[in-house]
Structures are given as structure tokens and as C-alpha cells.
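# Close look at the chain arrangement
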Amino acid sequence: MLHTDSLIHYTLHLADNALILSQRNSEWCGHGPVLEQDIAITNISLDLLGQARNFYQYAAILIGGTASEDKLAYHRNENEFKNCLLAEQPKGDWAVTILRQFIFSAYQYLLYRQLAKSTDHQLAAIASKAVKEVTYHLRWSSEWVIRLGDGTAESHARMVNAIQDLWMFTGELFLPAPYETEIQNQGIITGVEKLQQEWITTIENTFSEATLALPTDTGWMQTGGKTGRHTEYLGRILAELQYMQRIYPNCEW
Amino acid sequence: MDADTIQIKAAWKILEQVADPEVPVLTVIDLGIIRHIDIVEHRLQITITPTYTGCPAMDVMSMGIRMALLENGFKHIEIKQVLSPAWTTDWMSESGKQKLKAYGIAPPNTTQAVCTPQSFQQEESIQCPLCNSYHTQLISQFGSTACKALYKCDDCKEPFDYFKCH
């Protein structure tokens, strides 16, 4: 059934976004610049992991049969993952991590607020729960963008580099994949493209306080993650994330 | 009272003994995570709502609920998790808030305009749980568990946890 297929794809897309970014951020565990920020970034990872679990559990129900949250996270291949390219990019330095979190949280905040009104009650319930957590992520990452952008010459330069590295992955956030268009036509979601203007305003406001310029020439936007065409980095994350289940399939402890 | 009502009342009483593993002064009742207790086809059905999406204590609390009920003679127990309506710290009991404070954690303020994404917004005024001063400052939005933020008291100089509004 096409209806359910698109909804499953979309739910997996939301789950994959959260799981992959959670995994990326967790690379900072024990390596954060100061203890409080190490704790903050790993708290954010934990929130994202919780969101991923909720979405995977729901996808497993929609798929039916023997599907489970663990199988969806650990047994799928790279080309089956539907996360945005932004989520899988390397953690880089603290500026890259902060900028990505800010860009992503600003997007997720608007997306979840919209999704909380979805006609699909489970998606709406997960989103209205998660948006409370994302509010904290957005505040925290905005404050760091300002602190680094309006900080020293070094921190400012690193933020400028981070913008250069990551901006090309922002276009994809607002470009609906075929499964998104499908469920949008069915009235289940409102559509990501409607969020872009408010998102850019959020980015612009924080950037201006951070003395950072919004890229004027947006240039080429990389796409493909939402439909399973990824950068080389996703394979490496999965190699680490799925290692145990690949070596000992279905192992439990 | 019919048999079902008596059982449900007994179950509520038992759950007063089940503590949050991360903040052991609070019970699951204090936290306000128990939404309903019903008897459905001779099974005791407990409906709980998670505090934080990724909170690892939720699994432990579910297990604690099951264990406590089993120990007290309930045999057929079903624990159902619902996400909607989303849990809020406003559901925490008044006695729970008092217990938190006595334990050295500042209890959550009532949910208010503070939970907004604006950066560097005016901070909530949080009372130091040790010396009751409002002369405190935020150290970090994120603390040792998902539900807490780190503060410092400028009067007694002690650092403390704040159970953040959610």
C-alpha cells in the first residue's frame, strides 16, 4: 500500500536524522572543550537517541511482522538510510559541531512544531514531546554560535570556515523527498518547504548577533541523503554503530 | 467498592514505594508519570508517560513498577506507554517538589514563558535549595541527567542542580 509505504519512509527519515546526529555528537563524549559542554553535547545526543527510538518503534509498528527498532537501526544498509547529509558530516572542530547543531535544531524546532499538528496522532505525539527538548538544544547552540562568532579572531574564523563547510548541506532540509510529497498530498504533514523562510530568519538573527554573514551566494546545494544517496561519511558511522550486530547478528546482553 | 476499584486503589498505594533511580527521593507518583491505572480483562493496566524522550531511567522505572506489583501479589500486569499529552513538570506533586528541595535539588518553576528558544533570554530566578537565596546564576542548561540544569549560588557559593521546567 502506497499510503503506508510513504509514511514508513518518512518516519524512518525522521528516525535516521535523529540517530545519525546523535551518534555524531556522542563522539564528543569525554572530549568536550570543558566538562559542562561535554555534558551538554552528550545530553543532546541522548535526547536525539530517544527521539530516534520513538520514531523507529512507530516505523516498526507500521511495517509489522518481525520489524523492530533494533533491526531498523542495526540491520539496514547505507542506501536504506534516509537522513539528511547534514547529519552525517564529520564532527569537525567545536565550531563545526556547534554550527551544525544550531542549523539542525532551528530546523527541527520548526519541523516538530509543525508535526505536532499532524493528522497522524503518533507522529504528532512524538513531535510535541520532542519539541520541548529541541527548544533547549536551539537555545544552547544559538548561544554558542554567538559566543564563537563574536568571540576571538580565532573563534570567528573557525565559525566562518564551518559555514563554508556546511552551508551546501542546508538546501536538502527544505527539499521534499517523493515520500514527503506523497504524505503531504494526503494531508498528513504540511511540508518542509513552508518552513524555510522562518528558518532563514532564525539563522539570520543569530548570525547578526554573532557578527557572522549569511552566505549570499548559496551556490550548489548537495542533496540525496533523504533518498539514500549519501556521502562517504555515513558508511563509516554505520560501520561503528552496527559493528556488534554485524558480527553477532541479533545478539543481546 | 467493587473488587476492581479496591485493586486499583491498592496498586496506587504500592506505586508510592517505587522511586526514580536517578532522583531517589521522588516516587513515580511524585513525578506524575502515572496517567491511569485500570483493570482491563482481569489485567492490571498501568499507563505511564515518559519524562524525557531519551531518559534511561524510564526503563528502570517500568521495571520497578512491575517488580513492586508482582511482590504485592499482582500477577497480570501490563505497562503501557503513552506520549500524548506530553509530560510536564507541572504534573509533579507539591510534596515531590518539597522532597526535591530537601534533597538539595531546586524544584522546577511552573512552566512559563521561560521555555522558549530565544538565546540569552532573561534567566529564570531560581532559589538556592540550600540557603534560599535568589542570588543564583546558571552555569549550564544541561546537567548530570536530562532533567537537570547546573546552577551556582552567589551567596552561599554552593553549586546545585535545578530540575528544569519542561
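Keep in mind that what you see is a predicted model, and the values were worked out from it rather than measured.

### A closer look at the interface of chain A and chain B
Listed as interface residues are 27 residues of chain A and, on the opposing side, 20 residues of chain B. Breaking the side of chain A that touches chain B down by element, the ones donating at least two residues are α2 (35-63) and α6 (121-149) of chain A. Here the side of chain A that touches chain B takes 15 residues from α6(A), the largest share from any one element. Here the side of chain A that touches chain B is composed, by residue class, of twelve nonpolar, eight polar and seven charged.

### A closer look at the sheet that holds strand β2 (residues 43-48) of chain B
Within a sheet, each strand pairs with its neighbour through backbone hydrogen bonds, oriented either parallel or antiparallel. All names here are of chain B. Pairing in this open sheet of three strands is mixed, and the strands run β1-β2-β3 from one edge to the other. At either end of the open sheet lies a strand with only one pairing partner, and these are β1 (34-40) and β3 (77-81). Shown here is a sheet whose adjacent strand axes are inclined to one another by a mean of 20°, direction ignored. Bridge count between β1 and β2: six bridges; the pairing is antiparallel.

### Observations regarding the UniProt feature "domain: MIP18 family-like" (unreviewed entry) in chain B
Per the UniProt record, "domain: MIP18 family-like" (unreviewed entry) is found at residues 11-69 of chain B. End C-alpha atoms of residues 11-69 of chain B are separated by 7 Å, and the span's content is 37% helix alongside 22% strand.

### A look at the confidence of the model for chain B
Residues and elements named next belong to chain B. Overall, the predicted model of chain B reaches an average pLDDT of 89, with 92% of residues at or above 70. When the elements of chain B are averaged for pLDDT, strand β5 (residues 136-140) gives the smallest value, 89, and β2 the largest, 95. The ipTM value of the predicted complex is 0.82, and its pTM value is 0.91.

### Section: the nonpolar core
If you look at the biggest cluster of nonpolar residues, it comprises 112 residues, and the most contacted ones within it are A:A15, A:F55, A:A59, A:L86, A:L99 and A:I103. Summarising the domain contributions, this core has at least three residues from each of domain 1 (3-87) and domain 2 (92-163) of chain B. Setting aside residues no more than four positions away along its own chain, A:I103 makes contact with A:L86, A:L166, A:T170 and A:I203.

### Section: α2(A)
Here α2(A) is 29 residues long and its end C-alpha atoms lie 41 Å apart, about the 42 Å a rise of 1.5 Å per residue gives. Where α2(A) ends, the next residue or the one after it, A:G64, has phi of about 75°, a positive value.

Calculation rules
Residues numbered from 1 in each chain as written. Chains lettered and ligands numbered in written order. Predicted model: local features only at pLDDT ≥ 70, side-chain atom pairs only at ≥ 80, totals over all residues. Contact = placed C-beta atoms within 7 Å. Helix = DSSP H or I, 4+ residues; strand = E, 2+ residues; numbered from the N terminus. Nonpolar A, V, L, I, M, F, W, Y, C, P; charged D, E, K, R; others polar. Pairing = 2+ DSSP bridges. Axes fitted to C-alpha atoms, helices over the stretch in contact; angles between N-to-C directions. UniProt positions renumbered as here; feature names shortened; annotations may be inferred. pLDDT = per-residue confidence, 0-100. Core = buried A, V, L, I, M, F, W, Y, C linked by C-beta atoms within 7 Å. Buried ≥ 20, exposed ≤ 12 C-beta atoms within 10 Å, placed from the backbone. Domains from an automatic or database assignment. Expected span 1.5 Å × (residues − 1).

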